[in-house]
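Listed below are the residues making up each chain.
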Amino acid sequence: MVHLPEQPVPSSPAPTAVPTSADVARLAGVSRATVSYVLNNTSAVRISEATRRRVHEAAEELGYVPHAAARSLRAGHSRMVLMPAPRVPVGPLHSQFFNDLQWALGRFDYTVVQYGGIGLNGDEAARAWAELRPVAVVVPDGGVGPRGVHILKRSGARAVVTLGPERVEGAHALLLDHVGVGHSAGAHLLARGRRRIGVVVPGEPGLEHFSRPRLAGVRRALEGTGATVTELPLTYEEEAAARLAGRWRSLGLDAVFAYNDEYAMLLMRALLDAGVDIPAGTAVVGADDLMLGRLLRPRLSTVHIELPSGRDLAELVDRVVRDPGGVPEVHQVLGARVVHRESS
């Protein structure tokens, strides 16, 4: 047996003192109040550019940053907007929307924190969010209920905004009309002479919040026309798409609304590999209008979705934070229109 020689345990360096605003004030030759005005971007007090520069240089030299918790205590609330990570897979369109929202909230001087509490749901999730004492919470995909909204407000959240197909009591709501997305796709295929329409229903957990309303929208568009709708369960895997394409002819479908562009591209590739002609044999429509759909051959027809702008939602959050006593607002969003290309 080989014995490794014991190594001396290195002594831990003495902790360095955390710089304070008093240290910055001393180095810059100004008062602590001036340091606070400068570093908090207070516009109500006029301070010369030379003084601002000295304060910033002193703070940088010392490595000083303001204490967020202390600032929250002085203001009576934080400037933190908490955004729980979506519980379901989201595509590029929604990712871009959330990026725009974070940028817009930053312009209003809010700090955006994304909370990745995997496994937390409902009231349990709301309690976890409330522990951080955010001034506002923007909740995607119906991830909170009325009791959760109450918990957040009791903890000091001035604004709770939900994005989903249904409103939640006590919260401001942006209602996303996924039925309208499916209706647009169904009406387009019907107008193109298609009568036996398949609708992809993703197998991934959580996506039913979006896929079921879209399926209902297609059914509504075809109501009373004699056209048929066939549900097509599909997981986002090449093998699953190949299996579906392999039995396509036995299904007798002449069109498919594939839930979104990513599923449409997956299925369209498998159909072409299986020798199914697009669009002569089967018309294909996606949703989201992603750039990749325009690069396919044939180019992908799609439902273009108009999400609210990040700036509009940031303005709603800021308005509610400043005046939290108003009646919760409800806004219907998510406009949809078909972009017709070669695949249909």
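Residues numbered from 1 in each chain as written. Predicted model: local features only at pLDDT ≥ 70, side-chain atom pairs only at ≥ 80, totals over all residues. Heavy atoms only, no water.

1. Remarks on the nonpolar core
Val 200, Leu 234, Trp 248, Val 256, Leu 267, Leu 271 and Val 284 are the most contacted members of the largest nonpolar core, which totals 27 residues. Counting residues per element, the ones that place at least two in this core are strand S7 (228–234), helix H10 (238–246) and helix H12 (261–273). If you tally residues by element for this core, the top one is H12, at 8 residues. Not counting residues up to four positions away in its chain, the partners in contact with Val 284 are Val 256, Ala 264, Met 268, Leu 271, Ile 278, Leu 300, Ser 301, Ser 343 and Ser 344. Residues Tyr 110, Leu 176, Leu 313 and Val 320 belong to the second largest nonpolar core, which totals 23 residues. (Core = buried A, V, L, I, M, F, W, Y, C linked by side-chain atoms within 4.5 Å. Buried < 20%, exposed > 50% of the residue type's maximum accessible area, 1.4 Å probe, protein only. Helix = DSSP H or I, 4+ residues; strand = E, 2+ residues; numbered from the N terminus. Contact = heavy atoms within 4.5 Å.)

2. Points about unusual backbone geometry
In this structure, the amide linkage connecting Ile 278 to the following residue, Pro 279, adopts the cis form with an omega of 10 degrees. Residue position: Pro 279 is located in the loop between H12 and strand S9 (283–287). Following Arg 297, the chain continues to Pro 298 via a peptide bond in cis, the omega torsion being 0 degrees. Along the chain, Pro 298 falls in the loop between helix H13 (291–295) and strand S10 (301–306).

3. Quick notes on the pairing of S9
The buried fraction of S9 is high, at 5 of 5 residues. Here S9 shows two buried faces, one formed by Ala 283, Val 285 and Ala 287 and the other by Val 284 and Gly 286. Sheet topology note: the strand S8 (residues 255–257)/S9 ladder contains 3 bridges and is parallel. For Val 256, the partnering residue across the bridge sits in S9 and is Val 284. Taken together, S8, H12 and S9 constitute a β-α-β crossover, and its handedness is right-handed. (Pairing = 2+ DSSP bridges. Right-handed = clockwise from strand over helix to strand, strands pointing away.)

Coordinates in, geometry out; function isn't part of it.
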